[in-house]
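Per-entry structural report
In case you want the letters, here they are:
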Amino acid sequence: MKKTLVFFGTYTQPILFGTGEILNGRGKGIYIYELKNGHLLEKGSVKTVNASFLVMDHTKRFLYATNELKEYEGHFGGSVSAFRFMPENNTLAALNIQPVYGADPCHIELDAEGKYLYCANFMSGSVTVLPITSNGSLAKSCCFIQHNGSSVDPKRQKGPHAHGVFFDPTGKRLFVPDLGMDTTVCYQTETDGNLTLLANKNIPVDEKGGGPRHMVFHNSGNYAYINMEMGNRVCVYQYDVEKGKSKLIQTLPTIPKDTDPLSTSTSAIKIHPNGRILYVSNRGHDSLATYRIDEVTGMLKLIEVQQTGGNIPRDFEITPDGAYLIAAHQSSDDAILFKIDPENGKISPIERIEIPTPICVRIYSFEC
């Protein structure tokens, strides 16, 4: 028998965004819910500061959270917190916290073996690698790389802004979309935790000023999709897994033609487990763009752009079985559970729950 648990990361303190906006975080840290029979049931919470992104290791015994801060214990940069998860009673126990030496850590990922945690630090534009010990706690940073570069927008792209860390299908290349540089930077991951720049495999934007934010690889491994935060579009790349090279083959908008592009920006991008549907969320327009993926070419066809029913859908996640989608709304203090139509990927709302300032939602299944 399986149970499905939903983890929400929330802002807990005021935070200054790259846009100049200040958001007052109202959450406690991490909230845990169980998704059961089409309903979200609250199971508990744990305190941690500005938990803007979460990831669980492959054993599902440890959970890690960014602490999106510009200063931690009097030193420049934020931190990452480690927790032990007890599925028998749905609780998290704090293990330790490590600094990342970069401002506003916003996205983390683990390697397949669970030996290293990789962190993108948005405001200062850097990448940090933290070793993971045998008990799940984090060791001190073993690698730190500062990005350098800028692009055409004088306000948002005066310097680098690393926005995420994503492994390609080999698990040996790490791609880092950098909004400020207008480039998705490619690194080779080394066995000692270091990163080696593979500049000839970097992915440039389709058009300057796009601001790459997140990316996802198709189940086949042959295609990569990157959403442009500032450009309100999704770019499709043909991906050569063996060589690690990308070729732009399509660009599509994520918002209707009559939408003011300055009033909205993309946030999350995900592929349905069946590999046939791709979703991108739009903040400001407060919607989810749904696309069908061509099984032969990997190219996209827009199905619909649907309102998500809340303000600023910062993140969303799809259940492992592909039956449900949960959208977390940063500015309306809620999350909405949707049923997914298996034929066309369209979503229908079925339940709303209150969550203060939700920033990240992750869903995992457990044997029980």
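What this report covers is the structure whose coordinates are included nearby. (Residues numbered from 1 in each chain as written. Predicted model: local features only at pLDDT ≥ 70, side-chain atom pairs only at ≥ 80, totals over all residues. Heavy atoms only, no water.)

Section: the packing of aromatic side chains
Scanning the entire structure with this criterion turns up 10 aromatic pairs. When the centroid spacing of 5.2 Å and the interplanar angle of 45° are considered together, the rings of phenylalanine 85 and phenylalanine 366 count as tilted. Linking phenylalanine 85 in strand β10 (residues 79-86) with phenylalanine 366 in strand β33 (residues 358-367), this pair joins segments that are 281 residues apart in sequence. Taking the centre distance of 6.3 Å and the plane angle of 75° together, the rings of tyrosine 279 and phenylalanine 316 count as edge-to-face. (Phe/Tyr/Trp six-rings, centres within 6.5 Å; stacked < 30°, edge-to-face > 60°. Helix = DSSP H or I, 4+ residues; strand = E, 2+ residues; numbered from the N terminus.)

Section: unusual backbone geometry
Negative phi characterises most residues that are not glycine, and trans characterises most peptide bonds. Of note in the backbone geometry, asparagine 90 takes a positive phi value of approximately 55° without being a glycine. Mapped onto the secondary structure, asparagine 90 falls in the loop between β10 and β11 (91-99). According to the relative accessible area criterion, asparagine 90 is buried, its value standing at 9%. Unusually for a residue other than glycine, aspartate 333 sits at a positive phi of about 55°. Classification of aspartate 333 by relative accessible area gives partly exposed; the value is 24%. (Buried < 20%, exposed > 50% of the residue type's maximum accessible area, 1.4 Å probe, protein only.)

Some details on empty space enclosed by the protein
If you walk through the whole model with that rule in mind, you get one cavity of 30 Å³ or more. Taken as a whole, the largest cavity spans an internal volume of roughly 90 Å³. If you trace the largest cavity, you find it lined by Ser52, Phe53, Cys106, His163, Arg213, His214, Ala268, Arg314, Asp315, Ile359 and Cys360. Counting residues per element, the ones that place at least two in the lining of the largest cavity are β6 (51-56), β21 (212-217), β29 (313-318) and β33. (1 Å grid on protein atoms, 1.4 Å probe; cavity = no way out; pocket = protein on both sides within 12 Å on 5 of 7 lines; lining within 4 Å. Points joined across faces, edges and corners; volume = space filled by probe spheres on them.)

As for the sheet that holds β29
Strand order in this open sheet of four strands is β29-β30-β31-β32, and the pairing throughout is antiparallel. Taken across any chain shown, the strands that pair with only one partner, and hence form the sheet edges, are β29 and β32 (347-354). Sheet twist, expressed as the average angle between the axes of neighbouring strands with direction ignored, equals 20°. Two elements, strand β30 (residues 324-329) and strand β31 (residues 334-340), share six bridges in a ladder whose sense is antiparallel. The residue of β31 that forms the bridge with tyrosine 324 is lysine 339. (Pairing = 2+ DSSP bridges. Axes fitted to C-alpha atoms, helices over the stretch in contact; angles between N-to-C directions.)

Some remarks on the pattern of salt bridges
Here the idea is simple: oppositely charged side chains can pair when their charged atoms come close. Applying the stated criterion across every chain, the model contains 13 salt bridges. A salt bridge links lysine 43 to glutamate 34; the nearest nitrogen and oxygen atoms lie 3.6 Å apart. The class of lysine 43 is partly exposed, set by a relative accessible area of 37%. Glutamate 229 is the partner of arginine 283 in a salt bridge, and the nearest nitrogen-oxygen pair spans 3.3 Å. Residue arginine 283 is located in strand β26 (residues 277-283), and its partner glutamate 229 is located in the loop between β22 (223-228) and β23 (233-240); the two are separated by 54 residues in the primary sequence. Both residues of the pair, arginine 283 and glutamate 229, belong to the buried class. Here the residues in one salt-bridge network are Arg156, Arg213, Glu229 and Arg283, joined through shared partners. (Salt bridge = Lys/Arg side-chain N within 4 Å of Asp/Glu carboxyl O.)

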